[in-house]
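The primary structure of each chain is shown beneath.
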There are 2 protein chains.
Amino acid sequence: MTRTSLNHFHCSMARTADIIGDKWSLLILRDVFLGSKTFSQFQKNLGVARNILSDRLDKLVRNEILERRRTRPGVERYSYHFTDRGSELVPVLIAMMQWGDRWIFGEGKEPLELNDQKTGRPIQLIKVLSADGKPLANDEMSASPGSGADSSILTSFHGKRSKVSD
Amino acid sequence: MTRTSLNHFHCSMARTADIIGDKWSLLILRDVFLGSKTFSQFQKNLGVARNILSDRLDKLVRNEILERRRTRPGVERYSYHFTDRGSELVPVLIAMMQWGDRWIFGEGKEPLELNDQKTGRPIQLIKVLSADGKPLANDEMSASPGSGADSSILTSFHGKRSKVSD
DNA sequence: TGATTTGGTTTTTTAACGCAACTAAAATAC
DNA sequence: GTATTTTAGTTGCGTTAAAAAACCAAATCA
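Residues numbered from 1 in each chain as written. Chains lettered and ligands numbered in written order. Predicted model: local features only at pLDDT ≥ 70, side-chain atom pairs only at ≥ 80, totals over all residues. Heavy atoms only, no water.

### Considering the nonpolar core
Piece 1. One finds Leu29(A), Leu66(A), Ile94(A), Leu29(B), Leu66(B) and Ile94(B) to be the most contacted residues of the largest nonpolar core, which totals 82 residues.
Piece 2. Ignoring any residue separated from it by four or fewer positions in sequence, one finds Leu29(B) in contact with Ile20(B), Leu60(B), Ile65(B), Leu66(B), Phe82(B), Leu89(B) and Leu93(B). (Core = buried A, V, L, I, M, F, W, Y, C linked by side-chain atoms within 4.5 Å. Buried < 20%, exposed > 50% of the residue type's maximum accessible area, 1.4 Å probe, protein only. Contact = heavy atoms within 4.5 Å.)

Below, the structure written as structure tokens:
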């Protein structure tokens, strides 16, 4: 019996979490964002077990988050890069970083600062904005079934569950 | 041999991932955001095993993401709510949802739409913005050691690792 | 009064994790 | 020209956490 997959949830969060919702995948993606490219770099930076790293890279490649490129023809030397799909996960990563900056390390103690390369100034805090660009608090939002919704979306997004080998 | 904790990484992503970087925690938080409050509601909506749910709720409470309130004095009836700390994770959740909307379900097939309650219009796509409010692509950002950085932050953020029972 | 709901805990099984050792080819050092 | 190191993994094994199901006790509903 394999672990529970979230594949059949009709829910974007669940499906996204199924792909990147584990510690090592998230850290690998962070590492890619910061410039790491190779198996050894990830291994050195993260200290993750090699089989786990192998498994996660595979999964990220299969899900087209990362692309594996051969760096020299005919030789087993590879590098990993974001696909378009993968690079659009960066806001997720940055939102997580910023939360940790604020609530774990605290103002003025951020381990890492992200800057606009052109101006050198720090990027903005990631926020939820209304259509006209105003920050929205959580209780100023409402959820409604989207165009692709099935009937029971708001009362339950518990879809069928499945066993997968992944 | 216990699982590796990311507690000693001097990295906001790692530390945040250590708290919410697993499927069920993320789904519980989504569920809270959408209005669920009780153990039974989470269990019904998510279909998660009760012991796992119990464990995750506990962890989220211990980490002050959620607050457990007794709903009737002297009786075992509880409800779970975001703390301030927890509610600031919502941008992370929404960024994940939006990624799934786009890359898993596809434009026009979103299971759920989030709206500005006042106007009824959908919220904006979450983006990384420069100080002057312009969207930044990934290669237009640079990382530099923050005010709380230790010396080796960019070459390696592999801190000491520890075994924890958590 | 008997069934159901609520909020869990306990028990058992199984899959995932972590570690160390191994492989095999290429690159570098001596 | 041989030896060591680096790269990119795979294999095997023991441990641990997750999943499923059963159980529990108090409160509430029918």
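### Let's talk about the packing of helix α2 (residues 23-33) of chain A against helix α3 (residues 39-46) of chain A
Residue and element names in this part refer to chain A.
Piece 1. Where α2 contacts α3, the axes come no closer than 10 Å and their chain directions differ by 115°. By the angle class used here, α2 and α3 are roughly perpendicular. The two elements α2 and α3 cross, and the hand of that crossing is right-handed. Along the contact surface, α2 presents Trp24, Leu27, Ile28, Asp31 and Val32, while α3 presents Gln41, Phe42, Asn45 and Leu46.
Piece 2. When grouped by side-chain class, the residues that make up the contact of α2 with α3 number six nonpolar, two polar and one charged. (Axes fitted to C-alpha atoms, helices over the stretch in contact; angles between N-to-C directions. Helix = DSSP H or I, 4+ residues; strand = E, 2+ residues; numbered from the N terminus. Parallel < 35°, antiparallel > 145°, perpendicular 65-115°, else oblique. Left-handed = near helix turned anticlockwise from the far one by under 90°. Nonpolar A, V, L, I, M, F, W, Y, C, P; charged D, E, K, R; others polar.)

### Considering the pattern of salt bridges
Piece 1. In the structure shown here, the tally under the stated rule is 14 salt bridges over all chains.
Piece 2. The partner of Arg56(B) in a salt bridge is Asp22(B), with the nearest N and O atoms 3.0 Å apart. Of this pair, Arg56(B) sits in helix α4 (residues 50-62) while Asp22(B) sits in the loop between α1 (12-20) and α2 (23-33), and the two are 34 residues apart along the sequence. Neither residue differs from the other here; Arg56(B) and Asp22(B) are each classed as buried.
Piece 3. Members of the salt-bridge network, linked through shared partners, are Asp22(A), Asp55(A) and Arg56(A). (Salt bridge = Lys/Arg side-chain N within 4 Å of Asp/Glu carboxyl O.)

### Brief notes about the domain arrangement of chain A
In many analyses, interface size is given as the accessible surface area lost on bringing the parts together.
Residues and elements named next belong to chain A.
Piece 1. The assigned domain composition of chain A is domain 1 (12-88) and domain 2 (89-139).
Piece 2. The gap between the C-alpha centroids of domain 1 and domain 2 is 23 Å.
Piece 3. Each partner contributes to the interface: domain 1 provides twelve residues, whereas domain 2 provides eight residues.
Piece 4. Across the domain 1 to domain 2 interface the summed buried area is about 870 Å²; carbon plus sulfur atoms make up 83%.
Piece 5. Viewed at the interface, domain 2 and domain 1 are joined by zero salt bridges.
Piece 6. Within the residue set of the side of domain 1 that touches domain 2, elements represented by two or more residues are α2 and α5 (84-87).
Piece 7. If one sorts the elements of the side of domain 1 that touches domain 2 by residue count, α2 sits on top with four residues. (Domains from an automatic or database assignment. Buried area = accessible area lost by both parts, 1.4 Å probe.)

### Some details on the interface of chain A and chain B
Piece 1. Taken together, the contact pairs 92 residues of chain A with 92 residues of chain B.
Piece 2. Interface of chain A and chain B: buried area, both sides summed, is about 8200 Å²; carbon and sulfur atoms make up 62% of it.
Piece 3. At the junction of chain A and chain B, the tally comes to four salt bridges.
Piece 4. Note that Glu88(B) is salt-bridged to Arg102(A), the shortest N-O span being 3.0 Å.
Piece 5. Counting the contacts that link chain A with chain B gives 42 residue pairs in polar contact (both at pLDDT 80 or more).
Piece 6. Broken down by secondary-structure element, the contributors of at least two residues to the side of chain A that touches chain B are α1 (12-20), α2, α3, α5, α6 (90-105), β4 (112-116) and β5 (141-145) of chain A.
Piece 7. Sort the elements by how many residues they give to the side of chain A that touches chain B and α6(A) lands first, with 15 residues.
Piece 8. Across five bridges, β4(A) lies against strand β5 (residues 141-145) of chain B in antiparallel orientation. Residue pairing across strands places Asp116(A) opposite Met141(B), the latter belonging to β5(B). (Polar contact = N/O pair within 3.5 Å; in protein donor to acceptor, adjacent residues only side chain to side chain. Pairing = 2+ DSSP bridges.)

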